[in-house]
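A look at the structure
Each chain, written out:
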Amino acid sequence: QVQLVESGGGLVEAGGSLRLSCAASGMGFAIAAMRWYRQAPGKQREWVADISSRGIAVYPDSVRGRFTVSRDVDNAKNTVYLQMTSLKPEDTGVYYCNIGGMGPYAYWGQGTQVTVSS
């Protein structure tokens, strides 16, 4: 059974940094594209970053240049990371690790809370 476990969230001041981790188990992690999403209170879940199995990263305009997604080079630890810098209050939300996007067969972690104070 696939499991995704996020960690690394917390409270940070605007302009600060956080690094999130997502540990994956239960599948051939090396062949999976991984995604990060976030959800702010009262808002829809929003895509934050993609990283392909070959390490190619894609971001929306809202975080490009501030967030960096990466994964273990040899996939031995089955972990994907999200380095967040220059954080803004609007980055506040629950951050989720994902395999499969928004489709019905997607896998989601339990989420980790990120709060950015102004």
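Everything here concerns the structure above.
Residues numbered from 1 in each chain as written. Predicted model: local features only at pLDDT ≥ 70, side-chain atom pairs only at ≥ 80, totals over all residues. Heavy atoms only, no water.

A look at unusual backbone geometry
To be explicit about the condition: Only DSSP runs of H or I reaching four residues or more are called helices, and only runs of E reaching two or more are called strands; each is numbered from the N terminus.
Look at Ser86: it is not a glycine, yet its phi comes out positive at around 50°. With respect to the helices, strands and loops of the structure, Ser86 is situated in the loop between strand E8 (79-84) and strand E9 (93-99).

A closer look at the pattern of salt bridges
The condition that has to hold: A carboxyl oxygen of Asp or Glu within 4 Å of a side-chain nitrogen of Lys or Arg is what we treat as a salt bridge. Relative accessible area decides the class of each residue, using a 1.4 Å probe on protein chains only: under 20% of the type maximum gives buried, over 50% gives exposed, and in between gives partly exposed.
Tallied over the full model, the rule gives five salt bridges. Note that Arg35 is salt-bridged to Asp50, the shortest N-O span being 2.8 Å. Within this pair, whereas Arg35 is found in strand E4 (residues 34-39), its partner Asp50 is found in strand E5 (residues 46-51), the two being separated by 15 residues in sequence. Overall, Asp50 belongs to the buried group, its relative accessible area being 18%. The shortest N-O distance in the salt bridge between Asp91 and Arg38 comes to 2.8 Å.

Bear in mind that shape data such as this cannot, by itself, settle questions of function.
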